[in-house]
Amino acid sequence: MSVDVRFCSTAARCVRLTGMSTAETLRDLVELAIVVDGAFDQNCYVLRRRDTSDVLVFDPGLQHPRTLALLEKRQLRCTRILLTHGHPDHVNGVPAVRAAHRCDCAIHPDDRVLLDFVAMLPGVPADLPPVVCDVDLTPGETLRWHDLDIRVLHTPGHTPGSVCFLIGPELIAGDTLFKRSIGRTDLPGGSFETLMFSIQNTLYALPPETVVHPGHGPSTTIGEEMLDNPFVVHPRYR
Ligand SMILES: [Zn+2]
Ligand SMILES: [Zn+2]
């Protein structure tokens, strides 16, 4: 099973870079497991508070049988699914996770229209039940989950309703920003200019030590990308 618990090392790096006690406290409190889908290299993240059996699941895709197996093996319960955006590779596992855990699911309303196209993804069965999201995410809101603050940052560009979730110094970034790359903008609703604005003004405004956990591929930091992202170098470093 391709499961990687990444929080320990990334949070440790935050602590080393900044000496921030918040990162250390967060590392003590939570862990972030990543279950990768081999077909699209898409990352499903499972955020767990160590002192409870509750988890949040971000972007369940084709790897959802392994995500569900992980939860069952560790006797964990998903209390909510959070979606970074509505593309099929990030949402096709929603019906299965909802059915198994009776949890709700949240998405930015501007991406609801994309949920109708989930069956177009290769590998998704034609009889997949509808992807139901009961909760609308509001840009700028802070979700409270077991005393943790999760900030919802609206970062349109890859899709109109793309969001990133900020949990302390950790960012679940969806397909907005990747390690040395950015989300594609050639799909319906995408906009290169809007994506650039989101990265420059919303993500690059975060502390440089913020660890970015993207929708595909390895983690990075805001500071690394400001320096070395070939698509969006921060003006300060040009
Ligand atoms: Zn996408
Ligand atoms: Zn994606």
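Here the structure is shown first, and the text comes after it.
1. Some points on the overall build of the chain
Part 1: Each helix and strand counted, the chain has seven helices and 15 strands in total.
Part 2: A burial count over the chain gives 45% of its 238 residues as buried.
Part 3: Taking contacts inside the chain between residues at least 6 apart in sequence as the whole, the part at least 24 apart equals 59%.

2. Observations regarding the pairing of strand S3 (residues 42-49)
Part 1: For S3, the buried fraction is high: seven of the eight residues fall into the buried class.
Part 2: Note that strand S2 (residues 30-37) and S3 share eight bridges and pair antiparallel. Counted as the bridge partner of Asp-37 is Gln-42 from S3.
Part 3: Where S2 folds back on S3, the antiparallel hairpin that results is connected by four residues, among which Asp-41 adopts a positive phi of roughly 55 degrees.
Part 4: Pairing between S3 and strand S4 (residues 54-58): four bridges, direction antiparallel. For Arg-48, the partnering residue across the bridge sits in S4 and is Val-55.
Part 5: Between S3 and S4, which pair antiparallel in sequence order, lie four residues.

What counts, and at which threshold
Residues numbered from 1 in each chain as written. Chains lettered and ligands numbered in written order. Predicted model: local features only at pLDDT ≥ 70, side-chain atom pairs only at ≥ 80, totals over all residues. Helix = DSSP H or I, 4+ residues; strand = E, 2+ residues; numbered from the N terminus. Buried ≥ 20, exposed ≤ 12 C-beta atoms within 10 Å, placed from the backbone. Contact = placed C-beta atoms within 7 Å. Pairing = 2+ DSSP bridges.

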